[in-house]
Amino acid sequence: MEGPMTDTLAIRGGKPVREKPFPSWPCFGDREEKRLLDALRSGVWGKMQGTEVKQFERTFAAYHEAKHALGVVNGTVALRIALIAAGIEAGDEVIVPPYTFMATASAVVEANATPVFADIDLETSNIDPACIEAAVTPRTKALIVVHLGGLPCDMDAIMDLAARHNLVVIEDACHAHGAEYQGRRVGAIGHLGCFSFQSSKNVTSGEGGIIVTNDDRLAEACWSLHNCGRVPEGKWYEHHILGGNYRMGELQGALLNAQWERFEEQAGRRERNGRHLAEHLGAIPGIHPQKRTADCTRHGYHLFALRMDPAVFGTSREVFLEALQAEGIPAAAGYPIPLYREPLFTNRAFGPYTGCLSERPDLDFSRVRCPQCETLSTVQGVWVHQPNLLAEQEDMDDIVAALRKIYECRDQLAGPLAEKSSSGDGRIGRGPVHTQRRASAVSREKT
Ligand SMILES: Cc1ncc(COP(=O)(O)O)c(C=O)c1O
């Protein structure tokens, strides 16, 4: 076996562990073409008259053992509709995690309510039920939990505390298609669940979203909100509440019906590769894969999330990432700051949505502190995105080998790095990551 110190890191001019690209995303082929062309040629492109979105809604509801699924324009709107359907209004507080995409919290502002940030558990990246409990006030009406990267949150504890405090639970399952908690598919465990089909997601139609629920009353409210305030038995020009046109279109529905046929195979592959990575990466000092809880019977693996310990590597996460990318492994820092530090919140730039400010003029997001999230966001978090998990097991072994090499050669991380590439993409070096990013532009795949 090669002695560890004979290696040279790729950022120091050594041979990269990997020069092949990983799979590109999205995957599509003849079935998408046929389904889209059939929908196009039908001339029925709107949801209300069409069959594609309705079929996808039925499929998605059945898959989640949910009574209802409602196709909408995107995941952000799904969250906002869910909040308004749940009766959230000005003055109400909604507890959210700070380690998530902006929409989880901005949807609360757009529902005219106040987001209250509760810290995460550093090991799982998911909201910590103890922090939720500590954040509850008499104004709290709901909480949004995010299954980060596809790892289910601690839903038993969350549903229990929600019942005790009479709170509505909305699952932000935008990362968690097909993820299971104790054998139950996430999204249909809380009162409402929201999914995204935006272009990076594990099931995609470019843009799109869906709301699932088992509650007839909530389903009807969501339907009205996404359909201009109409009621199911009402006339076309009869509007009962303030809604909007948030309906998913038929071409997206057609694409989703075709993509869905690929989903189980892809989800199984991600699960196998994610488990393999977690097992082998866990043996490398200073690398901590997201902790998989016993309740997680299937991980959604939108992300393979891990933490790197700067003390062990003797360098920052940013230098570590440059080293990893130079070895041919695409990886990113994830959400780089807690949401409450975004200018939207520090400047309270809420536009016309003044509900939270008129009720809480003292609200100062610059005073919020969620230490676990701050560590993960700004110091330790590393993500490998889902398309990479669609490769073969031997490709996962390249990821393991690259991280092991960086650990073993960690003394080479010290000292200045080469000049930034003139390509202007803000990354150092000209390693295979650039080639790979070009190579992974959209291409046809048959998975
Ligand atoms: C956790 C999370 N919530 C909400 C959203 C919003 O979904 P969309 O982009 O479809 O509006 C996303 C995705 O972008 C997300 O990752």
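Below is a short write-up of the structure. (Residues numbered from 1 in each chain as written. Predicted model: local features only at pLDDT ≥ 70, side-chain atom pairs only at ≥ 80, totals over all residues. Heavy atoms only, no water.)

Moving on, we get to the side chain of Arg307. Tracing the backbone through its elements, the reader meets Arg307 in strand E12 (residues 303-308). Despite being buried, Arg307 has no salt bridge partner; Glu123 is the closest side chain of opposite charge, sitting 5.0 Å away. At a separation of 2.8 Å, a polar atom in the side chain of Arg307 contacts the side chain of Gln380. Non-local contacts of Arg307, meaning those with residues more than four positions away in its chain, are made with Leu122, Glu123, Gly286, Ile287, His288, Leu376 and Gln380. (Helix = DSSP H or I, 4+ residues; strand = E, 2+ residues; numbered from the N terminus. Buried < 20%, exposed > 50% of the residue type's maximum accessible area, 1.4 Å probe, protein only. Lys, Arg positive; Asp, Glu negative; His and termini not counted. Salt bridge = Lys/Arg side-chain N within 4 Å of Asp/Glu carboxyl O. Polar contact = N/O pair within 3.5 Å; in protein donor to acceptor, adjacent residues only side chain to side chain. Contact = heavy atoms within 4.5 Å.)

Two measures define how a pair of helices packs: the angle their axes make with one another and the distance between the axes. As a packed pair, helix H3 (residues 75-85) and helix H4 (residues 103-110) sit with axes 9 Å apart at the nearest point and diverge in direction by 45 degrees. Between H3 and H4, the angle falls in the class oblique. Helix-helix and strand crossings are classified by hand; for H3 and H4 the assignment is right-handed. Residues Thr76, Leu79, Arg80 and Leu83 of H3 pack against Ala103, Thr104, Ala107, Val108 and Glu110 of H4. When its residues are assigned to classes, the contact of H3 with H4 shows 5 nonpolar, 2 polar and 2 charged. (Axes fitted to C-alpha atoms, helices over the stretch in contact; angles between N-to-C directions. Parallel < 35°, antiparallel > 145°, perpendicular 65-115°, else oblique. Left-handed = near helix turned anticlockwise from the far one by under 90°. Nonpolar A, V, L, I, M, F, W, Y, C, P; charged D, E, K, R; others polar.)

Within the largest apolar cluster, 52 residues are counted, with the highest numbers of intra-cluster contacts made by Leu83, Val94, Phe117, Ile170 and Leu192. Ranked by the residues each element gives to this core, the list is headed by H3, at 7 residues. The contact partners of Val94, leaving out residues within four places of it in the chain, are Leu83, Ile88, Val108, Ala113, Thr114, Pro115, Val116, Ala142, Leu143 and Ile144. Counting residues in each nonpolar core, the second largest holds 40 residues, with Ile189, Phe195, Val212 and Phe263 among its members. (Core = buried A, V, L, I, M, F, W, Y, C linked by side-chain atoms within 4.5 Å.)

Taken together, 17 residues form the shell around the ligand, and within it Gly75, Thr76, Asp172, Ser196 and Lys201 come nearest. One nitrogen or oxygen atom from the side chain of His175 is found 3.0 Å from an oxygen atom belonging to the ligand. Take Lys201: an N or O atom from its side chain is 2.9 Å from an oxygen atom of the ligand. Contact with the protein chains covers 93% of the free accessible surface of the ligand, which is 380 Å². Where the shell around the ligand is concerned, the elements lending two or more residues are H3 and H4. Each residue belonging to the shell around the ligand can be placed in one class, and the counts come to 6 nonpolar, 9 polar and 2 charged. (Near = heavy atom within 4 Å. Areas by Shrake-Rupley, 256 points an atom, 1.4 Å probe, with all protein chains shown as cover.)

What follows is about the packing of helix H2 (residues 52-63) against helix H8 (residues 250-281). Taken N-terminus to C-terminus, the directions of H2 and H8 make an angle of 35 degrees; their axes are 7 Å apart at the nearest point. As H2 packs across H8, the resulting crossing turns out to be left-handed. Contacts between H2 and H8 involve Glu52, Val53, Gln55, Phe56, Thr59, Phe60 and Tyr63 from the former and Glu250, Gly253, Ala254, Leu256, Asn257, Trp260, Phe263 and Glu264 from the latter. For the contact of H2 with H8, the residue count by class is 8 nonpolar, 4 polar and 3 charged.

What follows covers the pairing of E12. With respect to burial, E12 is a largely interior element, 6 of its 6 residues being buried. The alternating pattern of E12 places Leu303, Ala305 and Arg307 on one face and Phe304, Leu306 and Met308 on the opposite face, and all of these are buried. Two elements, strand E10 (residues 287-289) and E12, share 3 bridges in a ladder whose sense is antiparallel. By the bridge assignment for E12, Ile287 is matched with Met308. Across 5 bridges, E12 lies against strand E13 (residues 381-385) in antiparallel orientation. Residue pairing in the sheet places Ala305 in a bridge with Trp383 of E13. (Pairing = 2+ DSSP bridges.)

These figures come from the coordinates and say nothing about function on their own.
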